Amino acid sequence: MSTLIRGGTVVNATGAVAADVLVRGEKIAALVAPGFEVQADTVIDATGKYVIPGGIDGHTHMEMPFGGTSSADTFETGTVAAAWGGTTTIIDFAVQAKGTSLLSTLDKWHAKADGNCAVDYGFHMIVSDVNDSSLKEMESCIDAGVNTFKMFMAYPGVFYATDGEILRAMQKARETGATVMMHAENGIAIDQLVAQALANGRTDPVQHGLTRPPELEGEATSRAIALAKVTGSPLYIVHLSASHALDAVTKARDTGQNVFAETCPQYLFLSLEDLAKPDFEGAKYVASPPLRPKEHQTELWRGLRTNDLSLVSTDHCPFCFKDQKELGRGDFSKIPNGMPGVEHRMDLLHQGVVRGELSLERWVEISSTTPARMFGLYPRKGVIAPGADADVVVYDPSAEQTLSAATHHMNVDYSAYEGMELTGRVDTVLSRGAVVVDGSGFHGGAGHGKFLGRDLNQYLI
Ligand SMILES: [Zn+2]
């Protein structure tokens, strides 16, 4: 089975070129000069469109337990939505519950995902119980293709790890080449601010943002960087939202430390003003770290251009407004933390190109190529080149669309971007050579997606 994607502009992180792309089976077989005659079973017309490597979302939470409920997308609905938005690989988080082992956690997440995903997927491991046996088990996780371990400086009593526990996990990461991923917010101080707000009758969703000030993200980021420096561990800051944290990452990178950071579309496009919407509407925007005052957005775009921010993931963790977000009416601290977004990352980042914030090549780099290299999937993923998996998106840069819960495919009853008008949209999506989305609809299905064992971070210096 062969497919020729004809007439488009192939955009890789390294440049854009007019070329036809020949796909054979699950792989890209060749890039062909325009006009050169090639036989194929199927031809896709990409005239006037970009041909880009499928998006890789390195941070999702499908059917994740949180605060007595569970995120609303299953691995099936979440990966179908991802495919609609041009994302052909997700990396989700397996969550160790206290008192359980890492390997049993990994088994549990395989049981949820295997046979249910519409696109390829991998796992990171959340380590919430640091002890001799879980540290030892990190080695077995790496053998099983999971070499990124997330820890939390936030959420005392749930996922929170002490500095000593973080230090020990980082020492193990240093030994094994693994990367420690960090949720960097000072949860001990935040919990005091939350308790004070509630005691003073300040219960609205905006308080979620006001009790988690950017200084406490900056402080935790600096502390994580210091611990990484002492141990020699690679460090990856997840969902960086504040200029205070970006300053710390920039400084560490300038001194040659293996420190990396991602941001998310919600921090680039939404702000504290959304969290302050009246009538509990702000609950739709509750995620941690919180949305920040608008001035942080300028710094985040700057960070993406200068590579102090390496890539953009979604932290997709949807909770329905009805019955889930509503758990926090009258007490913002009970609003489930998380926002939907896996479907819109490629399109929102394309607005960065439209607005002149990013080059075309940088768009592809931060949404596909860098995640592939950061998470050990390159060159199988993240590039349009012979031998790579045929995860290919034909993207129409001039199509117009309006985001809405009425038309999105995520299993959640609201859109954080309701009514937003975008230029550009996904036209056709191939996942390992199979057309899963085109103008006539969705043609993929649960079970097409395969588990990806991952190699180590390719950016270590
Ligand atoms: Zn997350």
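Structure: above.
In this text, all values refer to a predicted model and were calculated from it rather than measured experimentally. (Residues numbered from 1 in each chain as written. Predicted model: local features only at pLDDT ≥ 70, side-chain atom pairs only at ≥ 80, totals over all residues. Heavy atoms only, no water.)

S.K.: Would you explain the sheet that holds strand S5 (residues 27-32) in this entry?
M.R.: In a beta sheet, neighbouring strands pair by backbone hydrogen bonds and run either parallel or antiparallel. Taken together, 4 strands build an open sheet; the order of strands is S5-S4-S1-S6 and the sheet is mixed. Either end of the sheet is taken by a strand with one partner, and the two such strands are S5 and strand S6 (42-45). Going from strand to strand, the sheet's axes swing by 20° on average, the running direction of each strand aside. Two elements, strand S1 (residues 2-6) and S6, share 4 bridges in a ladder whose sense is parallel. Among the inter-strand pairings, Leu 4 is bridged to a residue of S6, identified as Val 43. (Pairing = 2+ DSSP bridges. Helix = DSSP H or I, 4+ residues; strand = E, 2+ residues; numbered from the N terminus. Axes fitted to C-alpha atoms, helices over the stretch in contact; angles between N-to-C directions.)

S.K.: I tried to follow helix H7 (residues 214-231) on my own but got confused; where do I start?
M.R.: Residues spaced three or four apart along an α-helix face the same direction, because each turn holds 3.6 residues. For H7, with 18 residues, the first-to-last C-alpha span of 26 Å sits near the 26 Å given by 1.5 Å per residue. Of all the residues in H7, the buried ones are Pro 214, Leu 216, Glu 217, Gly 218, Ala 220, Thr 221, Arg 223, Ala 224, Ile 225, Leu 227, Ala 228 and Thr 231. A positive backbone phi angle near 80° is found at Gly 232, which sits one or two residues after H7. (Expected span 1.5 Å × (residues − 1). Buried < 20%, exposed > 50% of the residue type's maximum accessible area, 1.4 Å probe, protein only.)

S.K.: Help me understand the packing of helix H3 (residues 132-143) against helix H4 (residues 163-176), please; the structure alone is not making it clear to me.
M.R.: Between two packed helices, what matters for the description is the angle formed by their axes and the separation of those axes. With their axes 10 Å apart at the nearest point, H3 and H4 run at an angle of 30° to one another. Comparing their axes, H4 and H3 come out roughly parallel. You can see that H3 and H4 cross each other, and the crossing is right-handed. In contact with Asp 132, Leu 135, Lys 136, Met 138, Glu 139 and Ile 142 of H3, H4 contributes Arg 168, Ala 169, Lys 172, Ala 173, Glu 175 and Thr 176. Counted by class, the contact of H3 with H4 contains 5 nonpolar, 1 polar and 6 charged residues. (Parallel < 35°, antiparallel > 145°, perpendicular 65-115°, else oblique. Left-handed = near helix turned anticlockwise from the far one by under 90°. Contact = heavy atoms within 4.5 Å. Nonpolar A, V, L, I, M, F, W, Y, C, P; charged D, E, K, R; others polar.)

S.K.: Looking at this model, I keep getting lost on the coordination of the zinc ion. Mind explaining?
M.R.: Coordination angles at a metal have ideal targets, namely 109.5 degrees for four tetrahedral donors and 90 or 180 degrees for six octahedral donors. For the zinc ion, the protein coordination sphere consists of His 59 (NE2), His 61 (NE2) and Asp 315 (OD), at 2.0 to 2.2 Å. All donor residues of the zinc ion come from one chain, and their arrangement in sequence is H-x1-H-x253-D. Placement of the pair is His 59 in strand S8 (residues 55-60) and Asp 315 in the loop between strand S17 (311-312) and helix H12 (345-354), with a sequence separation of 256 residues. Residue His 59 shares its accessibility class with Asp 315, and that shared class is buried. (Donors = N, O, S within 2.8 Å, 3.2 Å for Na, K, Ca; no water.)

S.K.: Honestly, the packing of aromatic side chains in this entry has me stumped. Any pointers?
M.R.: Working definition: an aromatic ring pair is given by the centre-to-centre distance plus the angle between the planes. Applying the stated criterion across every chain yields a total of 16 aromatic pairs. Every member of this aromatic cluster is reached through a ring pair, and the members are Phe 66, Phe 152, Tyr 155, Phe 159 and Phe 319. Positioned above the aromatic ring of Tyr 378 is the side chain of Arg 373, whose terminal nitrogen or guanidinium carbon lies 5.9 Å from the ring centre. (Phe/Tyr/Trp six-rings, centres within 6.5 Å; stacked < 30°, edge-to-face > 60°. Lys NZ or Arg CZ within 6 Å of the ring centre and 35° of its normal.)

S.K.: I would appreciate a short explanation of the pairing of strand S14 (residues 179-183) in the present structure.
M.R.: The side chains of a regular strand alternate, first on one face of the sheet and then on the other. Along S14, 5 of the 5 residues are buried, which leaves the element largely enclosed by surrounding structure. Here S14 shows no split at all, with Thr 179, Met 181 and His 183 on one side and Val 180 and Met 182 on the other all buried. As defined by bridge partners, strand S13 (residues 148-152) adjoins S14 across 5 bridges and the pair is classed as parallel. Its bridge partner being in S14, Phe 149 is matched across the sheet by Val 180. Regarding topology, H4 serves as the crossover connection from S13 to the parallel S14, and that connection is right-handed. (Right-handed = clockwise from strand over helix to strand, strands pointing away.)

S.K.: How should the layout of surface pockets be read in this particular structure?
M.R.: Leftover empty space is mapped by rolling, across the atoms, a probe with the size of a water molecule. Taken as a whole, the largest pocket spans an internal volume of roughly 570 Å³. Lining the largest pocket we find 28 residues, and of these Phe 66, Gly 67, Tyr 155, Val 158 and Ser 333 sit closest to its centre. Taken together, the elements giving at least two residues each to the lining of the largest pocket come down to strand S9 (65-66), helix H2 (102-113) and helix H5 (187-199). Put simply, the second largest pocket is a space of about 380 Å³. Contributing to the lining of the second largest pocket are 21 residues, with Trp 84, Gln 401, His 409, Arg 425 and Val 426 lying nearest its centre. (1 Å grid on protein atoms, 1.4 Å probe; cavity = no way out; pocket = protein on both sides within 12 Å on 5 of 7 lines; lining within 4 Å. Points joined across faces, edges and corners; volume = space filled by probe spheres on them.)

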